[in-house]
Amino acid sequence: KVNKVQTPVLPELNDEFIKAFGVAEGGVEKFRSDVRKNMERELKQGIKNNIKGQVLEGLVSTQNVDVPKAMISNEIQRLRENMMRQFGGNAKNINPSMLPDELFAEQAKRAAALGVLVGEIIKSAELKVDANRVRALIEEIAESYETPADVVNWYYGNKEQLQQVESVVLEDQVVDHVLSQSQVSDKPCGYEDVLRPQQG
């Protein structure tokens, strides 16, 4: 029995519609410009993440690394804590022992091996954190906020957050170094394909 048949109807692209997205001035053209800018930023980040993922996966899969058991144990603990945080308020009803080491063992081993490999590349290539790239990344993150200058100042005033950005930049520099030593081939890809989560 069919009770109702509905079809989606696109809303009219007018001032009332775009105000719902926080565009108070500039009209439809400003809205289109903002959407384009956001899509370009997402596309750039998606391409970067895809390349980075392929490089890091290639490192782990082609290099045989002896990883200290202590490093694997630390990774297992980190992954367990991350999962507990994801449970949020429900974590009160979950005993961490319900998440056995075996649940995280393979992922922890790969993460630890990658940590060893990245560390070796940083050491052998004598890589240092590029302060200009750190600033550029922070400014890129800040662009999506209403007051970018405040966000930039917050990062530089927060040692822990700044160190996280520096770690990302240093890892990016490792990826760039590996790519500079590798044979790279380009592959055309659509916008949605780039942003689609990669299957592990």
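The rules behind the values
- Residues numbered from 1 in each chain as written.
- Predicted model: local features only at pLDDT ≥ 70, side-chain atom pairs only at ≥ 80, totals over all residues.
- Heavy atoms only, no water.
- Helix = DSSP H or I, 4+ residues; strand = E, 2+ residues; numbered from the N terminus.
- Polar contact = N/O pair within 3.5 Å; in protein donor to acceptor, adjacent residues only side chain to side chain.
- Buried < 20%, exposed > 50% of the residue type's maximum accessible area, 1.4 Å probe, protein only.
- Salt bridge = Lys/Arg side-chain N within 4 Å of Asp/Glu carboxyl O.
- Phe/Tyr/Trp six-rings, centres within 6.5 Å; stacked < 30°, edge-to-face > 60°.
- Expected span 1.5 Å × (residues − 1).
- Arc of directions from axis to C-beta.
- Contact = heavy atoms within 4.5 Å.
- pLDDT = per-residue confidence, 0-100.
- Axes fitted to C-alpha atoms, helices over the stretch in contact; angles between N-to-C directions.
- Left-handed = near helix turned anticlockwise from the far one by under 90°.

Peer 1: Before we move on, could you go through the side chain of arginine 41 and cite the residues and values that matter?
Peer 2: Within the fold, arginine 41 resides in helix H2 (residues 27-62). Among the polar contacts listed, one links the side chain of arginine 41 to the side chain of glutamate 143, at a separation of 3.0 Å.

Peer 1: Give me unusual backbone geometry: which residues, what numbers.
Peer 2: Here glutamate 126, not a glycine, exhibits a phi torsion of approximately 55 degrees, which is positive. Within the fold, glutamate 126 resides in the loop between helix H4 (105-124) and helix H5 (131-142). Classification of glutamate 126 by relative accessible area gives exposed; the value is 65%.

Peer 1: Can you explain the pattern of salt bridges? Please cite residues and give values.
Peer 2: Counted under the stated rule, the structure contains eleven salt bridges. Lysine 30 serves as the salt-bridge partner of aspartate 34, at 2.9 Å between the closest nitrogen and oxygen. Linking aspartate 34 with lysine 30, this pair stays in helix H2, spanning four residues, or about one helical turn. Since its relative accessible area comes to 22%, aspartate 34 is described here as partly exposed. For lysine 30, a relative accessible area of 37% puts it in the partly exposed group. Residues joined in a network through salt bridges with shared partners are Lys48, Lys52, Glu171 and Asp172.

Peer 1: Before we move on, can you summarise the packing of aromatic side chains with the specific residues and values?
Peer 2: Note on aromatic pairs: each is described by the distance of the centres and the angle between the planes. The full count for this structure, using the stated rule, is two aromatic pairs. Between phenylalanine 17 and phenylalanine 31, the aromatic rings sit 6.0 Å apart at their centres with planes inclined by 85 degrees, giving edge-to-face as the arrangement. Of this pair, phenylalanine 17 sits in helix H1 (residues 15-19) while phenylalanine 31 sits in helix H2, and the two are 14 residues apart along the sequence. With 5.1 Å between their ring centres and 80 degrees between their planes, tryptophan 154 and tyrosine 155 make a pair best called edge-to-face. Judged by relative accessible area, which is 44%, tryptophan 154 ranks as partly exposed.

Peer 1: Please set out H5 residue by residue, giving values where relevant.
Peer 2: The α-helix advances 3.6 residues per turn, and as a result positions three or four apart in sequence lie on the same side. Between its first and last C-alpha, H5 extends 16 Å over twelve residues, near the 16 Å set by a 1.5 Å rise per residue. Where H5 is concerned, the buried positions are Val134, Leu137, Ile138 and Ala142. Taken around the axis of H5, the buried residues stretch over an arc of 140 degrees, which confines them to a single face. Among the structural elements, helix H6 (148-156) and helix H7 (159-180) are those in contact with the buried residues of H5. Capping the start of H5, aspartate 130 holds a side-chain oxygen 2.9 Å from the backbone nitrogen of asparagine 132, two or three residues further along.

Peer 1: Can you tell me about the confidence of the model for the protein, naming the residues and giving the values?
Peer 2: Detailed reading of the predicted coordinates is not advisable wherever pLDDT falls low. With 96% of its residues at a pLDDT of 70 or more, the protein shows a mean pLDDT of 86. Highest mean pLDDT in the protein belongs to H6 (95); lowest belongs to helix H8 (residues 191-195) (77).

Peer 1: Please set out the packing of H5 against H7 residue by residue, giving values where relevant.
Peer 2: Look at H5 against H7: their axes get within 9 Å of each other, and the N-to-C directions meet at 115 degrees. The crossing of H5 and H7 is right-handed. Residue-level contacts link Arg133, Val134, Leu137 and Ile138 of H5 to Leu162, Val165, Glu166, Val168, Val169, Asp172, Gln173 and Asp176 of H7.

Peer 1: With reference to specific residues and values, describe the side chain of glutamine 173.
Peer 2: Turning to its location among the elements, glutamine 173 is positioned in helix H7. In terms of polar contacts, glutamine 173 uses its side chain to reach the backbone carbonyl oxygen of lysine 128, at 2.8 Å. Polar side-chain contacts of glutamine 173 include one of 2.9 Å to the backbone nitrogen of aspartate 130. Setting aside chain neighbours within four positions, we find glutamine 173 in contact with Leu127, Lys128, Val129, Asp130 and Arg133.

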